[in-house]
Structures are given as structure tokens and as C-alpha cells.
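Remarks on the overall topology
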Amino acid sequence: MTGKPIETPVLLFIALLLSITGFAQTISGTIRDSTGKGIPYASINLKNSVDNRIIGYAVTDAIGTYTLHIPLGASLVGLVVEATSIGYKTQSRPVADLHLAYDFTMTVSANQLRSVEIKNSRPVLRIHGDTLGYKVSEFAGAQDRVIGDVLKKLPGITVGTDGTVFYNNKPISNLYINGDNLLDDRYNIATSTIPQGVVDQVQVIQGDQPIKVLQNKVMSEDVALNLAIKKGARMQVIGQESVGAGLPGKYDADGNAMLFKDNFKGINYLKLNNTGYDLQQELVAHNLTNYQQLIDNAMPAALLSLGTANNPALSRDRYLFNQSGLLNINDLVKMHNSLQLRMNAWYFHDNQRQDYSQQSSIFLPGDTVRYTETQHTRFQPNNLHMQFTLNNNTNKYYLDDAFVLDNNRLAYHSSLTTGDAAVNQVFHDNQLSFSNEFNLIRSLRSHDVIQTYSYISRSAEPEKRTIGPDYQPAIFNAGSQYDQLIQTVNVPTWYTTNYVSLKIPSGVVTQSYKAGLSAQSQTLLSNLNVAQVNDKLTPQSDSAVNHLNWTRTKLYAAADYDLPGTIFQANLSLPVSLQQIDYSEHRYALDKQSTRLYFNPAIRVKYRVSTENYLSLSYYYRNETGTIEDIYPGTILKNYLTLYANSSDLVEKQAQHASAGFSYRRSLRLLFASLNISYDHLAANKIASIIVADNLQQQVMLPFPNATSSWTVSGTVSKYSFVLKTTFSAGLQWQSAQSVQFQNEQLLPFNTTTETGSLGTDTKVGDHVILDYKVTLIRTASHSAVDASASHLDQLQQRASLEYNPLTDLQFKLSGEHYLTRQQGNHDLACFFADASAKLRVGKWKTFFELSAVNFGNVTTYRASSLSANTFTASSYALPGRIILLKMMWNL
């Protein structure tokens, strides 16, 4: 091991501190052409004139400015700043005074005039096999700060509201940085932090197989992105820092330091704000559901909550009242022989509040039940995450060992008014878990591949919620007054899965055989107690206690057959498992055992109909069993409105999924399109029976057959017009879902249809104006076959922005969002938000100042409606209102 990789994290941490406090020894300046226009992405070298050695490197930003850092301990004698750019003569100046600005006016190089004159006006797109590369500088705008801003403009790529990146309507599996996996699937950290100016290309990798020993041996349909960092940006610590303050009492600060060397990569930052930006959205694990399904271990979900309201269908920063702080550290060190050490750790704290009122109407045959609630809530999360990963990825073997620790301590406080009751709620949810995943894959001399895998985890999540005083005393305390109703729940869990597999590649087919064992041990503990006015604690009832023990053991084996061809690819999976579940609750004389033999076949096919277009088909049949949370016999008050219990029979489900898709691409024309159709069917042996009353809902699982099904058809198209300098995008989706509910002893079948259409444009008008517009229409209809009733809901969302950049040092932006909801028999609900900003660069300081007004129309209330089966909900939310903020921004 060399000393250099070990020192790098220390230097990176010091650089982060320096960026926050503002101390650095730097050289800065501006590179312009003969007309005075800034030259973007010019290379700046800091040389030692004695041996002509480069000791520092920088790249100019979109307007031609640069800041070059002098290495620690470097002598200031004999230093020379050299500026180079394609098509211009190289220029240099000796360094005499660090307080001076080292500006250059570049002249055109005669021997490169021809290449400049014939430069293609079209955006640069590179194609190499299944990898497509977008030249970032061709799509970036003057006001695009981070690479996530540019991703939204790339033809064929869309970004969801939670930051999920889609390529041709398919979510990406990972985002690499110069080929390295720094963040797993939590790539919002990169897209919201990495400056777009340091990224040369965004590369789309189709059929991504990151494990080298498996490449060209098994089928992969994954799509990943790779951010190719410019060479100059790999040689120094980079960062974009900002600090801001405003009204009413607002603040925003961001100090970050990044390094993207070949042997070390890091993204480290500290962010603070109370402006409504939710820092927790940067920590989203986009493929968590798929991962939990792969290891067959979905973590127990929280059983308790404060209420029933959903978040409004707005951008989260429109309605969030917060005081957020996030310290995020992500470092990867490459050792000798391809060995990598990686640490991903963060601590997140927030103090959120939300005020809302809601009215829910449940339409039943011959009756309508309505609930009204008003809540004033406070939410205080304290989340700690630590992950340490050891990885070695070569053509001969693959080693990966990851240890993960999570400690999430959540506190909720609520003032609740519902009906005639006015009570307070306090809810504490403390989750602690750790896991270790070991994966070793090795290629033998026979070219066969052997794999050993082991995963173990432990989790516990004690939950405690109190409601009082005197909430529904007739139901919970025989009509007598009381102080508090106390519900506690905990589901401590141990889980492990271990297997070995052998892959036998041949000229056409790769055979894979796997055998393994998994075990899960859980205990569900719950109590519903009443704190009396004399401080005595009594059980609410004999049936409000659970001490349920659960053990699940599974022996499994699988045979897989892969055709990893270039024209035709296929995967046939034939897994079989023998599963035994034992569960007991002696209080209710419950002691049962279930033994099942399951066969869960799946097939995937991909056929390349031409060089860039392919057809994909898939089908799976999966047997699923319920969890411990489906069979507890004692009642649990899940929220103030729902009292929940179960029958003792185990839930058994049979899920089927079939899909077909066509992906169309014309890369040189920047045209992308996709068409997908899917069918899902889920059959179960139990159905939820809900008794809906005026003051409470009681739910119990009954042993009756139940089935749901849905059809989904979707299509997308994205095209860049070279003539109009515009990216056009459009999408359509139709979904029809059939479900059955058992409410108030009546079987109610429902058919819900949702139609979604969207259009979008992103246009460059000349050199100074950028226009962006997107409109989305959602139509929801729900029909009941019992009483022929029908409900309809239409929602229209529009977003538009105008950027005007009259000078390289002066930028303006105006944007707006419009929301319209229409429901038959009700007044239209409309809401409009407008934002504006002005940004000025002070060249002497190499600093931008931005004055922004968010929601300058001062909208303080948002009203919305939603429709689900036979439930219509009308909600009203308090909003933060107008925010005026002045920010200072500079590059590290």
C-alpha cells in the first residue's frame, strides 16, 4: 500500500473545511477571445519553469473563469500559468503576485482555422457498441449548476420527481463516476452535487454487467450511466460552495469538496437550510425494492403512524417547513491489484412541521361515511447510516463484502382534531439494524464460474404512540375518562441466506445451478394500554396484546440458462424451494405450521431487430407467502382511525406478470422512443374485511379468496430538433386495475382507470434565451359494479421557465407552476406558483450573487383532491409562502 491513497481522504477533509471557511491559496482569472467573450472549458496549467513540470490544473467554467489551486508546500518561485484551448494559440504568464487576476485574451491559431470553420453545429453524440455518450457542454445552459440540471435536458433521458433517472423509459440500475461505483444506487448524491462543468460526457451503458468475471456469460438488461470526468478535473479538489440568507428568517448553506482521481474518488459535503429543500431526497436508494426481493428479505415496515393524510401532489419544496442539516461522506480508495475500499456515511437531522385538514368520503351502497381531521404535526428525524465496502473486481474473480449499519430515531408530535375530539399524539420510532453481505465469484481453470454468497442481518424497531386525553372513551375505556392511550409495537428480526452456485459457460448457453438455505426468526410484540387519570396503567382489553413467534426456513435450488448473444438474448430461470413456517401465540392458543413446495419459473427474452432497436419479452410466476404482520391475532391501533387484527391463517399469494416492450433509437438523429405493455395478476387466499363506522374503522383479515389485476400500456418519445435547438418529449400511459374490497359486510368490486399524458419542450433561442415547458394531464375514473356508481377526477399540471442571459456575468430566470383539479360536482381547485431570480458575477471576487424570490405571489394554502376506489379525499395544506433569499456562490 502506498501512502498517497491514505493521505487523500485527509486532504479531502481539510479541503472541505477550507471551502467552508473560505481560506485557500489560489490563482484565478478569465479566459476570453478577441471579442471579449469568455472561452469555456479551456485548460489552465500551473507549471514549474525550472523543469516544465505541471503541478496544478484547472478548467474554465461556462463563462471562461477559472480558479487554480497551488499545491500545499509548493514554492512560489518560477511558477508559470499556461492557458490552452482547441483552436487558439497557447499563452502563458509568470506568476508574480497571487493577488492579481491572471487573465488571457486568446487569439485564433492559424493552423487550426479549418477545424474551427467546419465544426458541426449539431450536439456531439458518441456511439461505441452499446454505449452512447452525450457531450455535456453541447446541452448545458448558462444557469445549469450541477450535472442533474443537464440530465433533464438530454434527449432520451428523463428524471422523476424523486430523482430517478430513466433512459428510454427504463430506470437506470446505477450511476458510475469514471467507471467506479462510488454511491451504489443512491446516485442523487452525485446528480445534485457534481458541477456540470467538470463532466465531459454522460455515457449510457446498455446491457450493463459490472461484474467482469460474468461479462458475456449471462444476460443483462440493466441500463447504467457513467459520468466521464474531464482530465483536468481529475487532478484537483473541486467544489461549489454557497451561503445564503433571507426572509422570513431563512438560511441556506452548502460546503462541499470532491475529488475524482484514478486512485481516489470522494464526494463530501455539509448542507444546511430551512428553505423547504428536503436534503433527505439526496439519500434515496432507487433500487431498494429490487434488492430486497433479490435477497428475499423485506424489512418489517413501521406498523404505527399519526394519521391518514398523504403528502400533497406538489414539488416538496413548495410545502415543506424544515430546518435540515446533512453531513455526507462518500470516499473510495483504490489499493494495489484492483482492491477498493469504500465508505458511505451520513448523518441527517431535521425539524419539520405540517398543518393540514382533510375530509374523506367513503361511498358505500346506500350510505356515505365521512371523516374530518385537522392536524398540526412536527417531525424530527435523526438518521445515521454507515456502510463499509471491500471490493475486488477482475476478469478472474470478484469479491465484495459490505457491512451496513442504520440507526434512525424519529419523533412525531401532533395536535389532532377529529369530529368532537381534540387530542395530542406523540409517536417515537427507533430503528436499529445492521447487515453484512459477502459475495465471492471465481473463474476456474475450466472456465466454469463458482460463487459463494452469504448475507446476515439483524433489525429492531420499537414504536410507541400515545393519544390523549379521552380519545373515544366509549370504545377504549368503557366510557370513563382517561389520560392517554398507549400503543407499542416491536418486531425484532434475524435473517440469513447462504448459497453456492456453479456457472458452466459454453459457446452458446451458460448453465447455472444454485443451492442454498435461508432462515428468518421474528417476534411481534405489541400492547395497547390505557393510562388512567390516577396514573394507573391498564390493558385496553384482553385481545389487545401480541407476543407472536415466527420462524421461516427455506431450502432452495435453481437452474438458470442464459443465451448472452448479440442478436438474441434469453434467460430461463427454474427455481424451486421447500419452505417451512412455524408460528405460535400461546395467549390465543395459536400454534401452526405450514410446509410448502414452490416452483417460480421466469423467462426473459431480448431480440435485437436492428443495430439500435430491440424487442423485449418477460414472464414470471411467483408464489408469495405473507409475513408476521399478516397473522397477528391481537388488535393493534395502527393510527387513530384504524383498529387492525388478523385471522390465524397464513396469507398465500400467486403473482403473475407478463410484459412486452419495444425500444427504438436513432442516435445520430437524437430520436428515442419506447412502447411497453404489461399485465399483472395477484390471487390471494385472504381478504381484508373493513367495518366503516362514523368514528373508527376496524379491519380484520378473513379467509376468503381475493384477486386483483391490472393492464398497463405506456409509450414515450424524445427528439432533439437541430433546426430549432429544441428537445421535444411526450409520454402516454393507460392503466386499468380491477380490485375487490369487503366493506361493512358487502363485497364491492371496483375498476379504476388512470390515463396520463405529458408533453415537454426545452428550447435554446439564440445565445441568450432558454425556454422550458412541460404539461401533464391525469384522468382518474373509478366504477363500482354493485351500484353502477362512478367517480371522475381530472388533474392538470403545468411547469414553465424562461432563462435570459444578456451577459456572461448577468443572468435572469422566471418560472411558474400551475395546478388544476376538477371533480364532478365540486368547484375547480387551482393554484399557481411563480419564482424569479437574478444572478450577478463579480469578476474581481470570482463570485456569483443570486437574489431569488420563491413563490413571490405568496400562496399560503394548497387544496387538492384524490380518488381511490370508493374513497374521495379533499385536503387543505398550509404552505410556507414567499421566500426571499440572497446567496453568494463560488467555486473551490
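Each value, and the rule that gives it
Residues numbered from 1 in each chain as written. Predicted model: local features only at pLDDT ≥ 70, side-chain atom pairs only at ≥ 80, totals over all residues. Heavy atoms only, no water. Helix = DSSP H or I, 4+ residues; strand = E, 2+ residues; numbered from the N terminus. Rg over C-alpha atoms; globule rule 2.2 N^0.38 Å. Buried < 20%, exposed > 50% of the residue type's maximum accessible area, 1.4 Å probe, protein only. Contact = heavy atoms within 4.5 Å. Areas by Shrake-Rupley, 256 points an atom, 1.4 Å probe, with all protein chains shown as cover. Salt bridge = Lys/Arg side-chain N within 4 Å of Asp/Glu carboxyl O. Pairing = 2+ DSSP bridges. Patch = residues over 30% accessible without salt bridge, like charges linked within 9 Å, V, L, I, M, F, W, Y side chains within 5 Å. Core = buried A, V, L, I, M, F, W, Y, C linked by side-chain atoms within 4.5 Å. Phe/Tyr/Trp six-rings, centres within 6.5 Å; stacked < 30°, edge-to-face > 60°. Axes fitted to C-alpha atoms, helices over the stretch in contact; angles between N-to-C directions. pLDDT = per-residue confidence, 0-100.

Here the focus is the overall build of the protein. Helices and strands together make up the secondary structure of the protein, namely 8 helices and 52 strands. Radius of gyration (C-alpha) of the protein: 30 Å, near the 29 Å computed for a compact globule of 892 residues. Here the C-alpha coordinates of the protein stretch approximately 90 × 70 × 50 Å along the principal axes. Residue burial in the protein is summarised as follows: out of 892 residues, 48% are buried. The contacts in the protein between residues at least 6 apart in sequence include a share of 64% that link residues at least 24 apart. Entry remark: accessible area of the protein is about 40900 Å², with carbon and sulfur atoms responsible for 56%.

Let's shift gears to the pattern of salt bridges. Under the definition given, this model contains 22 salt bridges. In this structure, E82 and K47 form a salt bridge, with 3.1 Å as the shortest nitrogen-oxygen distance. Placement of the pair is E82 in strand β5 (residues 79–84) and K47 in strand β2 (residues 43–48), with a sequence separation of 35 residues. Three or more residues are tied together by salt bridges with common partners; here these are R318, R799, E817 and D835.

Before going further, it helps to spend a moment on the pairing of strand β27 (residues 484–490). Burial runs high along β27: 5 of the 7 residues are buried. Relative to strand β29 (residues 510–531), β27 is paired through 7 bridges, and the arrangement is antiparallel. The residue of β29 that forms the bridge with V489 is S526.

It is worth spelling out a nonpolar patch on the surface at this point. A cluster of nonpolar side chains, contributed by I567, F568, Y607, V609, L615, L617, F662, L675, I677, W711, V713 and W734, occupies part of the molecular surface with about 1000 Å² of accessible area. Elements that contribute at least two residues to the nonpolar patch include exactly β35 (614–625), β39 (671–684) and β42 (706–721). Topologically, Y607 is positioned in strand β34 (residues 602–608). According to the relative accessible area criterion, Y607 is partly exposed, its value standing at 37%.

Of all hydrophobic cores here, the largest spans 45 residues; its most connected members are Y134, I177, I194, V199, V202, L225 and I267. Element by element, the count of residues in this core is highest for strand β15 (residues 223–229), at 4 residues. Ranked by size, the runner-up nonpolar core spans 24 residues in total, among them Y371, Y640, I690 and L748.

All chains considered together, the criterion is met by 22 aromatic pairs. Ring geometry for F139 versus Y720: centroids 6.0 Å apart, planes at 75 degrees, classification edge-to-face. Here the residue F139 occupies a position in helix α3 (residues 136–139), and Y720 occupies one in strand β42, the gap between them amounting to 581 residues. You'll find F139 and Y720 in the same group, each marked buried.

This part covers the sheet that holds strand β6 (residues 91–94). On the basis of which strands lie adjacent, the open sheet formed by 4 strands has the order β3-β2-β5-β6 and antiparallel pairing. Edge strands, defined here as strands with exactly one partner in the open sheet, are β3 (53–59) and β6. Averaged over all adjacent pairs, the angle separating strand axes in this sheet is 20 degrees, with direction ignored. By the bridge criterion, 4 bridges tie β5 to β6 in an arrangement that is antiparallel. The partner of V81 across the bridge, within β6, is R93.

This next bit is on the sheet that holds strand β11 (residues 165–167). Taken together, the 3 strands give an open sheet; going across it, the order is β10-β11-β12, and neighbouring strands pair in antiparallel fashion. Edge strands, defined here as strands with exactly one partner in the open sheet, are β10 (157–159) and β12 (170–171). Pairing geometry for β10 and β11, over 3 bridges, is antiparallel. Bridged to I157 within β11 is Y167.

As for its position among the elements, T753 is in strand β44 (residues 746–765). Residue T753 is classed as buried on the basis of its relative accessible area, which comes to 17%. Not counting chain neighbours up to four residues away, the residues in contact with T753 comprise W734, Q735, S736, R779, T780 and A781.

A separate point is unusual backbone geometry. Note that the residue after L247, namely P248, is joined by a cis bond; omega there is -5 degrees. Looking at the element boundaries, P248 is found in the loop between β16 (240–247) and β17 (250–260). In this model, N178 sits at a positive phi of 50 degrees, which is unusual for a non-glycine residue. Within the secondary structure, N178 sits in the loop between β13 (174–177) and α5 (188–191).

Across the protein, pLDDT averages 87, with 93% of residues at or above 70. With pLDDT under 50 throughout, residues 1–24 is counted as low confidence; its partners more than four residues away or in other chains account for 38 contacts. Under a pLDDT of 50 for its full length, residues 110–120 has, in the predicted model, 4 contacts with residues more than four places off or in other chains.

By the secondary structure assignment, F742 is in strand β43 (residues 726–743). With 174 residues separating them along the chain, F742 and F568 place their C-alpha atoms 47 Å apart. Ignoring any residue separated from it by four or fewer positions in sequence, one finds F742 in contact with I687, A688, S689, I690, L702 and L747.

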